[in-house]
Amino acid sequence: MTTATYAPAPGAAPLPRMIAAQAVLETKMLLRNGEQLLLTVVIPTLLLVLFSSVDIVDTGKGKSVDFLTPGILALAVMSTAFTGQAIATGFERRYGVLKRLASSPLPRWGLMTAKTVSVLVTEILQIILLTAIAFALGWSPHGNPFAVFLLLVLGTAAFSGLGLLMAGTLKAEATLAAANLVFLLLLVGGGVIVPMDKYPQGVQDVLGLLPISALSDGLRDVLQHGAGMPWGDLGILGAWAVVGLAAAGRFFRWE
């Protein structure tokens, strides 16, 4: 009696290959979603072009694009890692997609890793696009690229944790409403377009502790003013990342 030979061999693919395949699928679904493209590409691009070309908001001394670009980059990170991921994951949870994927050979942490890779790929595309537009508008960046890299990584971790926490604890409709509301509130009050010094000092102290404020201010200090490593802003983002990811891991419900 001979043993049958099957091609391909039955069984799960290697873990790195499963994660890569899921990451490619997640990225394709994100880029094909009209609402996601509106949040991640259209809105940041329009805000950058509009407020750099028209003197609507007093951005202080220097060119408007030098002030706006770091804030728009921070907004792009938030739109992808927080708003987009929260909405997409929330509806995947509602329709039972996460439950079915959790029963596949891909482990749950592998699925979250794939989602994280998808977010990073999308952010890279956003940053390339927004940077090209900013240069076309006359942007003159300064500062340490490694500091910018750290800010973007910690900002992504912080917003991802908060987005997954929201998606894993609220109903899909509530996540949709809450994520969009938070996006609008932080767009106005996070130092993205309106300088923080326009608010009263007490309000500034509170808003300065938000992840969007730390990310936009840190990027602005480095890219506009050529500052060194923004340890204070990095510390705020690191704290949000630890708390958000830990809470998401603890309270996330797959069903």
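## Focus: the packing of helix α2 (residues 34-53) against helix α3 (residues 64-94)
At a minimum axis distance of 9 Å, the contact between α2 and α3 shows a crossing angle of 165 degrees. In terms of orientation, α2 and α3 fall into the roughly antiparallel class. α3 is crossed by α2, and the crossing has right-handed handedness. Of the residues in α3, those touching α2 at Glu35, Gln36, Leu39, Thr40, Pro44, Leu47, Leu48, Phe51 and Ser52 are Ser64, Val65, Leu68, Thr69, Ile72, Leu75, Ser79, Thr80, Thr83, Gly84, Ile87 and Ala88. Taken together, the residues that form the contact of α2 with α3 break down as 11 nonpolar, 9 polar and 1 charged.

## Remarks on a nonpolar patch on the surface
Together, Leu31, Val117, Val121 and Leu125 line one region of the surface with nonpolar side chains, adding up to about 280 Å² of accessible area. The dominant element in the nonpolar patch, judged by the number of residues it contributes, is helix α5 (residues 108-136), at 3 residues. Within the element layout of this structure, Leu125 appears in helix α5. Here Leu125 falls in the partly exposed class, since its relative accessible area comes to 46%.

## A closer look at the nonpolar core
Ranked by internal contacts, the top residues of the largest apolar core, which has 46 residues, are Leu48, Leu75, Met78, Phe159, Ile193, Leu215 and Leu219. Counting only elements with at least two residues in this core, the list comes to α2, α3, α5, α6 (145-169), α7 (172-189), α9 (211-223) and α10 (231-251). Here this core gets 15 residues from one element, more than from any other, and that element is α3. Excluding residues that lie within four positions of it along the chain, Leu219 makes contacts with Pro70, Leu73, Ala74, Val148, Leu151, Leu152 and Gln224. Formed by 12 residues, the second largest nonpolar core is a distinct cluster that contains Ala23, Leu98, Ala114 and Ala248.

## Let's talk about the side chain of Thr156
The topology assignment puts Thr156 in helix α6. Note on Thr156: relative accessible area 4%, which makes it buried. The residues touching Thr156, leaving out its near neighbours within four places in the chain, are Val77, Ala81, Val119, Leu120 and Glu123.

## Quick look at the packing of aromatic side chains
Taken as a whole, this structure holds 5 aromatic pairs when the rule is applied. When the centroid spacing of 5.3 Å and the interplanar angle of 40 degrees are considered together, the rings of Phe135 and Trp139 count as tilted. Of the residues examined, Trp139 reaches a relative accessible area of 7% and is grouped as buried. Positioned above the aromatic ring of Phe67 is the side chain of Arg220, whose terminal nitrogen or guanidinium carbon lies 3.8 Å from the ring centre.

## What about α3?
The first and last C-alpha atoms of α3 sit 43 Å apart over 31 residues, in line with the 45 Å expected at 1.5 Å per residue. The buried fraction of α3 amounts to 28 of the 31 residues, a majority that puts the element mostly inside the structure. One or two positions beyond α3, positive phi appears at Gly96, with a value near 80 degrees.

What counts as what
- Residues numbered from 1 in each chain as written.
- Predicted model: local features only at pLDDT ≥ 70, side-chain atom pairs only at ≥ 80, totals over all residues.
- Heavy atoms only, no water.
- Axes fitted to C-alpha atoms, helices over the stretch in contact; angles between N-to-C directions.
- Helix = DSSP H or I, 4+ residues; strand = E, 2+ residues; numbered from the N terminus.
- Parallel < 35°, antiparallel > 145°, perpendicular 65-115°, else oblique.
- Left-handed = near helix turned anticlockwise from the far one by under 90°.
- Contact = heavy atoms within 4.5 Å.
- Nonpolar A, V, L, I, M, F, W, Y, C, P; charged D, E, K, R; others polar.
- Patch = residues over 30% accessible without salt bridge, like charges linked within 9 Å, V, L, I, M, F, W, Y side chains within 5 Å.
- Areas by Shrake-Rupley, 256 points an atom, 1.4 Å probe, with all protein chains shown as cover.
- Salt bridge = Lys/Arg side-chain N within 4 Å of Asp/Glu carboxyl O.
- Buried < 20%, exposed > 50% of the residue type's maximum accessible area, 1.4 Å probe, protein only.
- Core = buried A, V, L, I, M, F, W, Y, C linked by side-chain atoms within 4.5 Å.
- Phe/Tyr/Trp six-rings, centres within 6.5 Å; stacked < 30°, edge-to-face > 60°.
- Lys NZ or Arg CZ within 6 Å of the ring centre and 35° of its normal.
- Expected span 1.5 Å × (residues − 1).

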